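So the chains spell out like this:
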Amino acid sequence: MKTNRIIALAFAVAALSACGKQQLPYDLEGTEHSVVINIRKVSGSSTTLATDMSGDYKVLLTIADQQGDYSMLKEAQLMAIYTDGAKNKTSAHVVTGITDFPATLTIDMADVCSKLGISTIAVGDRIEFTPCVTLNSGTQVDGWSALTGFNNTAFTGWTQSDGGNYTYRIAYTAFAPFQQAKFQGAAIPWSDDQGYSGTCKVTQLDMSDEANLPAAADTPVGVTASDLVGLRVDGELWFGTADEGLTMWINTQDYTLIIPDQQMAPSFSYPGVGDVGMAEDCEGEVDTLNNTLTFTYTPTFGGGYWWGVSITTELDFN
């Protein structure tokens, strides 16, 4: 498996070295421009999904100052994506005709479920929301599709005017009770991208020590230290070195993971590439029903070399 990584890395480096000499495989001038819309839960509103669909669900849509002129936007919509316990997905546009920004939307979860064609919510079910846009040209750019998954993921980490990072989706999950003590000790990492990779050791951080808190820029608005469970994950995750590791925090408001861009493999080296293994564009979530963590990151290398794909890993604590 490690040999395959090195061979693939060599191809990636060669491609990056040659890209300046080749024409792009598409018409850059003919590429349609679109609008990037940020989505957040409104502070103080509901953060998880109630099985009886009750709650105060409020969503804020904004367009960053860096977006500039978005006169090509005809309207935006809010799409809901429902995932059941068997990972089956259903989607629908649940709010349409959004033209003024910032836009605060009050979500009627029962109405959303009706539009999704579901009548009940069970523990483990999830409803995610993502912005979609219709351009003046008539082009429809949805925030999610069954074929490609979520759109605009490459903008993760783009700083917004409120100081937070860009978010292309938000999620409400019907959680089982959170057993914090479960999320430590030995864990088995599994990735469909690379196969079984051994074991990891997970240590919970002392959150009374300010040095163990995430940076303010990485902390979602309205989240405090008392909402966080800090974790240090050590083990062979991707680079194939003995000193790999990631620091992350469980946000118990909605059981997402806070994972800042960070050095992941200090001793990683490869000729002509560099000696710093980084994890970037990170995100993740907690499954309180099955006691697992799932996180996604993009491996990058010294000198700016980029692996080009995201790696998704699940840690199983059972």
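All of these numbers come straight from a predicted model, not from anything done at the bench.

Asks: What exactly am I supposed to notice about the pairing of strand β17 (residues 277–287) here?
Replies: Each regular strand shows side chains that alternate between the opposite faces of the sheet. Alignment of strand β15 (residues 256–258) against β17, held across two bridges, turns out to be antiparallel. Following the sheet pairing, Leu-257 is matched in β17 by Gly-284. Taken together, the three bridges between strand β16 (residues 262–265) and β17 define a ladder with antiparallel strand orientation. By the bridge assignment, Gln-262 is partnered in β17 with Ala-279. Of the pairings in the sheet, the one linking β17 to strand β18 (residues 292–301) comprises nine bridges and is antiparallel in character. Counted as the bridge partner of Glu-280 is Thr-298 from β18.

Asks: So what exactly am I meant to see when it comes to unusual backbone geometry here?
Replies: Among all residues except glycine, the phi angle is most often negative; among peptide bonds, the trans geometry is most common. Backbone torsion omega between Phe-101 and Pro-102 reads 0°, so that peptide bond is classified as cis. Along the chain, Pro-102 turns up in the loop between β4 (89–98) and β5 (103–107). The backbone phi angle of Tyr-255 is positive, close to 60°, even though this residue is not glycine. Within the fold, Tyr-255 resides in the loop between β14 (245–251) and β15. Owing to a relative accessible area of 14%, Tyr-255 belongs among the buried residues under this scheme. In this model, Asn-291 sits at a positive phi of 55°, which is unusual for a non-glycine residue. Mapped onto the elements, Asn-291 comes out in the loop between β17 and β18. For Asn-291, a relative accessible area of 5% gives the class buried.

Asks: For this particular structure, what's the right way to read the confidence of the model for the protein?
Replies: Averaged over all residues, the pLDDT of the protein is 83; the fraction at 70 or higher stands at 81%. Taken as a whole, residues 1–22 scores under 50 in pLDDT and shows 21 contacts with residues more than four places along the chain or in a different chain. Taken together, the stretch residues 24–28 has pLDDT below 50 and engages in one contact with residues farther than four places along the chain or on a different chain.

Asks: When you look at the side chain of Arg-40 in this model, what are you seeing that I'm missing?
Replies: Structurally, the position occupied by Arg-40 is in strand β1 (residues 38–41). Owing to a relative accessible area of 14%, Arg-40 belongs among the buried residues under this scheme.

Asks: Please clarify how the packing of aromatic side chains should be interpreted in this entry.
Replies: Remark: the centre distance and the inter-plane angle together describe each pair of aromatic rings, the angle taken between the planes. For the structure shown, the criterion picks out 13 aromatic pairs. Each member of the aromatic cluster is reached from another via a ring pair, and the members are Phe-175, Phe-178, Phe-183, Tyr-255 and Phe-317. The aromatic ring of Tyr-172 is capped on one face by Lys-41, whose charged end is 4.3 Å from the ring centroid. A cation over an aromatic ring shows up here: Arg-169 above the ring of Phe-150, its NZ or CZ 5.8 Å from the ring centre.

Asks: Help me out: how do you make sense of the nonpolar core in this one?
Replies: As a rule of thumb, nonpolar side chains are buried together in soluble globular proteins. Among the nonpolar cores identified, the biggest contains 34 residues, and Leu-61, Met-109, Val-112, Ile-121, Ile-127 and Phe-129 are the most heavily contacted of them. For this core, the elements supplying multiple residues, two or more each, are β2 (57–62), β3 (73–83), β4, β5, α2 (109–116), β6 (126–135) and β10 (170–173). With residues up to four places along the chain from it excluded, the contact list for Leu-61 reads Ile-37, Asn-38, Ile-39, Leu-78, Ile-98, Phe-101, Pro-102, Ala-103, Leu-105 and Pro-131.

Asks: Help me understand the sheet that holds β2, please; the structure alone is not making it clear to me.
Replies: Backbone hydrogen bonds hold the strands of a sheet together, and the pairing may be parallel or antiparallel. With antiparallel pairing, three strands are arranged side by side in an open sheet as β1-β2-β5. Each edge of the sheet is formed by a strand with only one pairing partner; in this case those strands are β1 and β5. Taking each pair of neighbouring strands and ignoring which way they run, the sheet shows an average axis angle of 25°.

Asks: What's the story with the pattern of salt bridges in this structure? I'm lost.
Replies: Oppositely charged side chains can form a pair if their charged atoms are brought close together. Under the counting rule described, the total for this entry stands at seven salt bridges. Across the salt bridge formed by Arg-232 and Asp-234, the nearest N and O atoms sit 3.1 Å from each other. Exposure remark for Arg-232: the relative accessible area of 25% places this residue in the partly exposed category. The network of salt bridges with shared partners includes Arg-126, Glu-128, Arg-169 and Glu-285.

Asks: Help me understand α2 in this model?
Replies: An α-helix turns once every 3.6 residues. As a result, residues three or four positions apart point the same way. The set of residues buried in α2 consists of Met-109, Val-112, Cys-113 and Leu-116. Looking down the long axis of α2, one finds its buried residues gathered within 100° of arc, a one-sided arrangement. In this structure, the buried residues of α2 make contact with β2, β3, β4, β5, β6 and β10. Its side-chain oxygen at 3.1 Å from the backbone nitrogen of Ala-110, Asp-108 defines the N-terminal cap of α2. Note on α2: the residue one or two positions beyond its end, Gly-117, has a positive phi of about 80°.

The rules behind these values
Residues numbered from 1 in each chain as written. Predicted model: local features only at pLDDT ≥ 70, side-chain atom pairs only at ≥ 80, totals over all residues. Heavy atoms only, no water. Pairing = 2+ DSSP bridges. Helix = DSSP H or I, 4+ residues; strand = E, 2+ residues; numbered from the N terminus. Buried < 20%, exposed > 50% of the residue type's maximum accessible area, 1.4 Å probe, protein only. pLDDT = per-residue confidence, 0-100. Contact = heavy atoms within 4.5 Å. Phe/Tyr/Trp six-rings, centres within 6.5 Å; stacked < 30°, edge-to-face > 60°. Lys NZ or Arg CZ within 6 Å of the ring centre and 35° of its normal. Core = buried A, V, L, I, M, F, W, Y, C linked by side-chain atoms within 4.5 Å. Axes fitted to C-alpha atoms, helices over the stretch in contact; angles between N-to-C directions. Salt bridge = Lys/Arg side-chain N within 4 Å of Asp/Glu carboxyl O. Arc of directions from axis to C-beta. Polar contact = N/O pair within 3.5 Å; in protein donor to acceptor, adjacent residues only side chain to side chain.

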